[in-house]
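Report on the structure
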Amino acid sequence: QVQLVESGGGLVQAGGSLRLSCAASGSVDSIRVMGWYRRAPGKQRELVATITNGGSTNYADSVKGRFTISRDNAKNTVYLQMNSLKPEDTGVYYCNAHVLIIGTLYPRWGSGTQVTISS
């Protein structure tokens, strides 16, 4: 099993920055992709950014140029640097890992961290 623990959420003013961290533990060798998703109030959870073991990244259009995802494989940790934050970035941010088990990818989720951007 893989466990994910997020940290770094909080309250900041629009235009500010935050850095989220997600530490993975357990069967980390099974992880193939890690990423961040978010759920804004009254909306469904949506993809923010992902990063593969090889370092390939993918971003939602709404965060391109403002957010950067990175990972430290030695620490089994993925980061989300969020700059130029907007009120619409408010939500619960969830760390995600896709783990490979007998040829099939399964998602694993952290419990989430609240990010609130004031206008």
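An account of the accompanying structure is given in this report. (Residues numbered from 1 in each chain as written. Predicted model: local features only at pLDDT ≥ 70, side-chain atom pairs only at ≥ 80, totals over all residues. Heavy atoms only, no water.)

A word on the nonpolar core
The test is simple: Working definition of a nonpolar core: buried Ala, Val, Leu, Ile, Met, Phe, Trp, Tyr and Cys residues. They are joined through side-chain atoms within 4.5 Å. Exposure categories follow from relative accessible area, calculated using a 1.4 Å probe and restricted to protein chains: below 20% of the type maximum is buried, above 50% is exposed, and the middle band is partly exposed. In DSSP terms, a helix is any run of H or I states spanning at least four residues, a strand is any run of E spanning at least two, and both are numbered starting from the N terminus.
With 29 residues, the main nonpolar core has Met34, Trp36, Leu80, Met82 and Tyr93 as its most contacted residues. Those elements giving two or more residues to this core turn out to be strand S1 (2-7), strand S3 (18-26), strand S4 (31-39), strand S5 (45-52), strand S7 (67-72), strand S8 (77-82), strand S9 (91-101) and strand S11 (113-118).

Here's the deal with the sheet that holds S1
Defined as follows: Two strands make a pair as long as DSSP finds a minimum of two bridges between them. Comment: axis = line fitted to C-alpha atoms, over the contacting stretch for helices; angle = value between 0 and 180 degrees taken between N-to-C directions.
Here 4 strands make up an open sheet; going across it, the order is S1-S3-S8-S7 and the pairing antiparallel. Two strands lie at the open edges of the sheet, namely S1 and S7, each paired on one side alone. Across the sheet, the mean angle from the axis of one strand to that of its neighbour is 15°, orientation sign disregarded. Two strands pair when backbone bridges link them, and S1 and S3 are joined in this way by 6 bridges, in the antiparallel orientation. Bridge pairing in S3 places Gln3 opposite Ser25.

Digging into the packing of aromatic side chains
The cut-off we apply is this: Put simply, two rings from Phe, Tyr or Trp (the six-membered ring, in Trp's case) pair if the centres are within 6.5 Å, and we call them stacked under 30 degrees between planes, edge-to-face over 60, tilted for the rest.
Applying the stated criterion to the full structure yields 1 aromatic pair. A centroid spacing of 5.0 Å and a plane angle of 75° characterise the contact between Tyr37 and Trp109, whose relative ring orientation is edge-to-face. Placement of Tyr37 in strand S4 and of Trp109 in strand S10 (residues 104-109) is noted, with a sequence separation of 72 residues between them. The buried category is assigned to Tyr37, whose relative accessible area is 16%.

Notes on the pattern of salt bridges
Going by this rule: Within this document, salt bridges are pairs made up of a side-chain nitrogen of Lys or Arg and a carboxyl oxygen of Asp or Glu, the two lying within 4 Å of each other.
Scanning the model with the defined rule gives 4 salt bridges in all. Across the pair Asp61 and Lys64 runs a salt bridge, and its minimum N-O distance is 3.1 Å. Residue Asp61 is classed as exposed on the basis of its relative accessible area, which comes to 64%. For Arg66, the salt bridge is made with Asp89, and the minimal N-O distance between the two is 2.8 Å. Within this pair, whereas Arg66 is found in the loop between strand S6 (57-59) and S7, its partner Asp89 is found in the loop between S8 and S9, the two being separated by 23 residues in sequence. Owing to a relative accessible area of 1%, Asp89 belongs among the buried residues under this scheme. When salt bridges that share partners are traced, they join Arg38, Glu46, Arg66 and Asp89 into one network.

Keep in mind that these numbers describe shape and distance, not what the molecule does.
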